[in-house]
Amino acid sequence: AACLCQIVIYSCTEEIDLGLNQHEKKLVIEALITDKPGPYFVRLTKTTNSLYTPSIADTSYATHAEIVKNATIIISDNAGNIDTLIPSPYAFYTYSFEKPDSLIGYYTTKNFQGVSGRKYFLRVEVDGRVIQAEADMIPVPDIDTIVFNISPGDPGKDDKVVPLVKMQPTDDNE
(Lines give C-alpha, C1' and ligand atoms only; values in the text may rest on other atoms or scores of the structure.)
Protein backbone atom coordinates (compact mmCIF):
# COMPACT_ATOMS: atom_id res chain seq x y z
CA ALA A 1 0.00 0.00 0.00
CA ALA A 2 2.88 2.39 0.80
CA CYS A 3 4.37 1.72 -2.62
CA LEU A 4 1.08 2.62 -4.31
CA CYS A 5 0.86 5.95 -2.42
CA GLN A 6 4.38 6.90 -3.50
CA ILE A 7 3.54 6.21 -7.13
CA VAL A 8 0.45 8.40 -6.98
CA ILE A 9 2.28 11.28 -5.25
CA TYR A 10 5.26 11.32 -7.59
CA SER A 11 3.38 10.75 -10.82
CA CYS A 12 1.63 14.17 -10.87
CA THR A 13 4.48 16.55 -11.63
CA GLU A 14 3.61 17.83 -15.10
CA GLU A 15 4.38 21.55 -15.47
CA ILE A 16 1.69 23.62 -17.18
CA ASP A 17 2.56 26.88 -18.97
CA LEU A 18 -0.27 29.37 -18.50
CA GLY A 19 1.16 31.75 -21.08
CA LEU A 20 0.85 34.79 -18.82
CA ASN A 21 3.60 36.77 -20.51
CA GLN A 22 2.16 36.39 -24.00
CA HIS A 23 -0.30 39.30 -23.93
CA GLU A 24 0.28 42.98 -24.59
CA LYS A 25 -0.09 45.13 -21.50
CA LYS A 26 -3.12 47.43 -21.61
CA LEU A 27 -3.40 50.95 -20.21
CA VAL A 28 -5.77 51.29 -17.24
CA ILE A 29 -7.22 54.75 -16.56
CA GLU A 30 -9.01 55.37 -13.25
CA ALA A 31 -10.70 58.78 -13.02
CA LEU A 32 -13.56 60.39 -11.11
CA ILE A 33 -15.05 63.88 -11.27
CA THR A 34 -17.93 64.82 -8.98
CA ASP A 35 -19.84 67.99 -8.19
CA LYS A 36 -18.00 68.14 -4.84
CA PRO A 37 -14.94 70.42 -4.48
CA GLY A 38 -11.72 68.97 -5.92
CA PRO A 39 -8.98 68.27 -6.47
CA TYR A 40 -9.82 65.25 -8.61
CA PHE A 41 -7.41 62.43 -9.36
CA VAL A 42 -6.60 60.28 -12.38
CA ARG A 43 -4.42 57.19 -12.01
CA LEU A 44 -2.60 55.53 -14.90
CA THR A 45 -1.33 51.96 -14.67
CA LYS A 46 -0.78 49.02 -17.00
CA THR A 47 -2.21 45.54 -16.67
CA THR A 48 0.19 42.90 -15.41
CA ASN A 49 0.83 39.37 -16.59
CA SER A 50 0.25 37.93 -13.16
CA LEU A 51 -2.20 35.89 -11.14
CA TYR A 52 -1.67 38.23 -8.17
CA THR A 53 -4.87 38.41 -6.10
CA PRO A 54 -4.69 40.77 -3.12
CA SER A 55 -6.39 40.17 0.20
CA ILE A 56 -8.30 42.96 1.90
CA ALA A 57 -5.52 43.32 4.49
CA ASP A 58 -2.83 43.50 1.79
CA THR A 59 -1.87 47.15 1.18
CA SER A 60 0.60 46.33 -1.58
CA TYR A 61 -2.16 45.64 -4.12
CA ALA A 62 -2.25 49.27 -5.20
CA THR A 63 1.49 49.39 -5.80
CA HIS A 64 1.59 45.98 -7.51
CA ALA A 65 0.33 47.45 -10.80
CA GLU A 66 2.85 48.88 -13.25
CA ILE A 67 2.73 52.67 -12.86
CA VAL A 68 2.62 54.89 -15.97
CA LYS A 69 4.87 57.97 -15.81
CA ASN A 70 5.25 61.08 -17.98
CA ALA A 71 1.69 61.29 -19.29
CA THR A 72 -0.15 64.41 -20.36
CA ILE A 73 -3.72 64.41 -19.05
CA ILE A 74 -6.28 67.07 -19.92
CA ILE A 75 -9.79 67.32 -18.50
CA SER A 76 -12.29 69.74 -20.04
CA ASP A 77 -16.02 70.34 -20.09
CA ASN A 78 -18.61 71.66 -22.54
CA ALA A 79 -18.55 75.06 -20.77
CA GLY A 80 -14.99 75.72 -21.97
CA ASN A 81 -13.12 74.88 -18.74
CA ILE A 82 -9.79 73.11 -19.30
CA ASP A 83 -7.26 71.75 -16.80
CA THR A 84 -3.95 70.02 -17.55
CA LEU A 85 -3.27 67.69 -14.66
CA ILE A 86 0.02 67.54 -12.77
CA PRO A 87 1.69 64.57 -11.03
CA SER A 88 0.05 64.33 -7.62
CA PRO A 89 1.92 66.04 -4.76
CA TYR A 90 -0.46 64.67 -2.11
CA ALA A 91 1.44 62.13 -0.01
CA PHE A 92 -1.66 60.99 1.87
CA TYR A 93 -3.03 59.40 -1.30
CA THR A 94 -0.15 56.95 -1.47
CA TYR A 95 -0.83 53.36 -0.49
CA SER A 96 2.66 52.71 0.81
CA PHE A 97 4.57 55.29 2.84
CA GLU A 98 7.64 53.05 2.61
CA LYS A 99 7.72 53.39 -1.18
CA PRO A 100 7.55 57.08 -2.19
CA ASP A 101 7.46 56.07 -5.86
CA SER A 102 3.99 54.59 -5.28
CA LEU A 103 2.58 58.09 -5.86
CA ILE A 104 3.88 58.04 -9.41
CA GLY A 105 0.96 57.34 -11.68
CA TYR A 106 -1.49 59.67 -9.87
CA TYR A 107 -2.25 62.99 -11.51
CA THR A 108 -4.34 65.77 -9.96
CA THR A 109 -6.37 68.72 -11.17
CA LYS A 110 -5.11 72.21 -10.36
CA ASN A 111 -8.24 74.31 -10.72
CA PHE A 112 -11.28 72.38 -11.89
CA GLN A 113 -14.78 72.06 -10.46
CA GLY A 114 -17.28 69.45 -11.59
CA VAL A 115 -20.82 70.72 -12.23
CA SER A 116 -23.86 68.50 -12.53
CA GLY A 117 -25.42 68.51 -16.01
CA ARG A 118 -22.19 69.14 -17.95
CA LYS A 119 -20.35 66.88 -20.39
CA TYR A 120 -16.73 66.05 -19.54
CA PHE A 121 -13.84 65.13 -21.80
CA LEU A 122 -10.67 63.26 -20.87
CA ARG A 123 -7.57 63.23 -23.08
CA VAL A 124 -4.54 61.12 -22.14
CA GLU A 125 -1.30 61.27 -24.14
CA VAL A 126 1.24 58.59 -23.22
CA ASP A 127 3.86 56.55 -25.07
CA GLY A 128 2.96 58.21 -28.39
CA ARG A 129 -0.72 57.25 -28.06
CA VAL A 130 -3.78 59.44 -27.50
CA ILE A 131 -6.77 58.05 -25.61
CA GLN A 132 -9.97 60.09 -25.36
CA ALA A 133 -13.21 59.60 -23.46
CA GLU A 134 -16.30 61.60 -22.62
CA ALA A 135 -19.08 61.32 -20.08
CA ASP A 136 -22.08 63.26 -18.81
CA MET A 137 -22.50 64.14 -15.16
CA ILE A 138 -26.18 63.37 -14.72
CA PRO A 139 -28.03 65.49 -12.16
CA VAL A 140 -28.85 63.62 -8.97
CA PRO A 141 -32.50 64.07 -7.93
CA ASP A 142 -33.39 65.22 -4.42
CA ILE A 143 -34.61 62.55 -2.02
CA ASP A 144 -38.31 62.95 -1.27
CA THR A 145 -38.79 60.24 1.37
CA ILE A 146 -37.06 57.19 2.79
CA VAL A 147 -39.17 54.34 4.15
CA PHE A 148 -37.81 51.19 5.79
CA ASN A 149 -39.60 47.93 5.08
CA ILE A 150 -38.92 45.57 8.00
CA SER A 151 -39.75 41.90 7.77
CA PRO A 152 -38.99 39.24 10.37
CA GLY A 153 -35.81 37.29 9.80
CA ASP A 154 -35.50 33.54 9.85
CA PRO A 155 -35.53 31.94 13.32
CA GLY A 156 -32.37 33.02 15.16
CA LYS A 157 -31.55 35.65 12.52
CA ASP A 158 -31.92 39.44 12.48
CA ASP A 159 -34.93 41.13 10.90
CA LYS A 160 -34.57 42.07 7.24
CA VAL A 161 -34.49 45.83 6.67
CA VAL A 162 -34.97 47.15 3.13
CA PRO A 163 -34.75 50.91 2.58
CA LEU A 164 -37.09 52.29 -0.09
CA VAL A 165 -36.01 55.67 -1.45
CA LYS A 166 -38.39 57.92 -3.36
CA MET A 167 -36.72 60.60 -5.46
CA GLN A 168 -38.21 63.87 -6.63
CA PRO A 169 -38.39 63.97 -10.42
CA THR A 170 -35.71 65.96 -12.24
CA ASP A 171 -36.44 68.23 -15.19
CA ASP A 172 -35.44 65.41 -17.56
CA ASN A 173 -38.02 62.88 -16.37
CA GLU A 174 -41.02 64.91 -15.19
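Please read all numbers here as calculations on a predicted model, not as lab measurements.

Caption draft 1: Focus on the pattern of salt bridges. For the structure shown, the criterion picks out six salt bridges. Arg118 is the salt-bridge partner of Asp77, the closest N and O atoms lying 3.1 Å from each other. In this pair, Asp77 is assigned in strand E4 (residues 72-77) and Arg118 in the loop between strand E7 (106-108) and strand E8 (119-126), connecting sequence segments 41 residues apart. On the accessibility criterion, Arg118 (24% relative accessible area) is partly exposed. The partner of Lys119 in a salt bridge is Glu134, with the nearest N and O atoms 3.3 Å apart.

Caption draft 2: Main features of unusual backbone geometry. Of note, the bond from Gly38 into Pro39 is cis; its omega dihedral lies within 30 degrees of zero at 10°. Relative to the helices and strands, Pro39 is located in the loop between strand E1 (27-31) and strand E2 (41-46). In this structure, Asn70 is a non-glycine residue whose phi angle is positive, near 60°. Position of Asn70 relative to the elements: it lies in the loop between strand E3 (66-67) and E4. Residue Asn70 is classed as exposed on the basis of its relative accessible area, which comes to 74%. For Asp127, which is not glycine, the phi torsion reads 55° and is therefore positive.

Caption draft 3: Main features of the nonpolar core. Within the largest apolar cluster, 15 residues are counted, with the highest numbers of intra-cluster contacts made by Leu44 and Ile73. Contributing elements (two or more residues each) for this core: E2, E4 and E8. With four residues, E8 is the largest single contributor of residues to this core. Those residues in contact with Ile73 that lie beyond four places of it in its chain are Val42, Leu44, Asp83, Thr84, Leu85, Tyr107, Leu122, Arg123 and Val124.

Caption draft 4: Here's a closer look at the sheet that holds E8. Reading across from one edge, E5-E4-E8-E9 is the order of the four strands in this open sheet, with antiparallel pairing throughout. Of all strands in the sheet, those bounded by a partner on one side alone are strand E5 (82-84) and strand E9 (129-136). Taken over all neighbouring pairs, the strand axes of this sheet differ in orientation by 15° on average, direction set aside. The pairing of E4 with E5 spans three bridges and is antiparallel. Residue pairing in the sheet places Ile75 in a bridge with Asp83 of E5.

Caption draft 5: Broad picture of the environment of Glu30. By the secondary structure assignment, Glu30 is in strand E1. Its relative accessible area of 41% is what places Glu30 among the partly exposed residues. When the C-alpha positions of Glu30 and Leu44 are compared, they lie 6.6 Å apart, and in sequence the two are 14 residues distant. If we skip the residues at most four places from it in the chain, Glu30 touches Phe41, Val42, Arg43 and Thr45.

Caption draft 6: Broad picture of the packing of aromatic side chains. Enumeration according to the criterion identifies one aromatic pair in this entry. Here Phe112 and Tyr120 contribute two aromatic rings whose centre-to-centre distance is 6.0 Å and whose plane-to-plane angle is 70°, an arrangement assigned as edge-to-face. Take Phe112 and Tyr120: they sit in the same class, and that class is buried.

Rules behind the numbers
Residues numbered from 1 in each chain as written. Predicted model: local features only at pLDDT ≥ 70, side-chain atom pairs only at ≥ 80, totals over all residues. Heavy atoms only, no water. Salt bridge = Lys/Arg side-chain N within 4 Å of Asp/Glu carboxyl O. Helix = DSSP H or I, 4+ residues; strand = E, 2+ residues; numbered from the N terminus. Buried < 20%, exposed > 50% of the residue type's maximum accessible area, 1.4 Å probe, protein only. Core = buried A, V, L, I, M, F, W, Y, C linked by side-chain atoms within 4.5 Å. Contact = heavy atoms within 4.5 Å. Pairing = 2+ DSSP bridges. Axes fitted to C-alpha atoms, helices over the stretch in contact; angles between N-to-C directions. Phe/Tyr/Trp six-rings, centres within 6.5 Å; stacked < 30°, edge-to-face > 60°.

Keep in mind that these numbers describe shape and distance, not what the molecule does.
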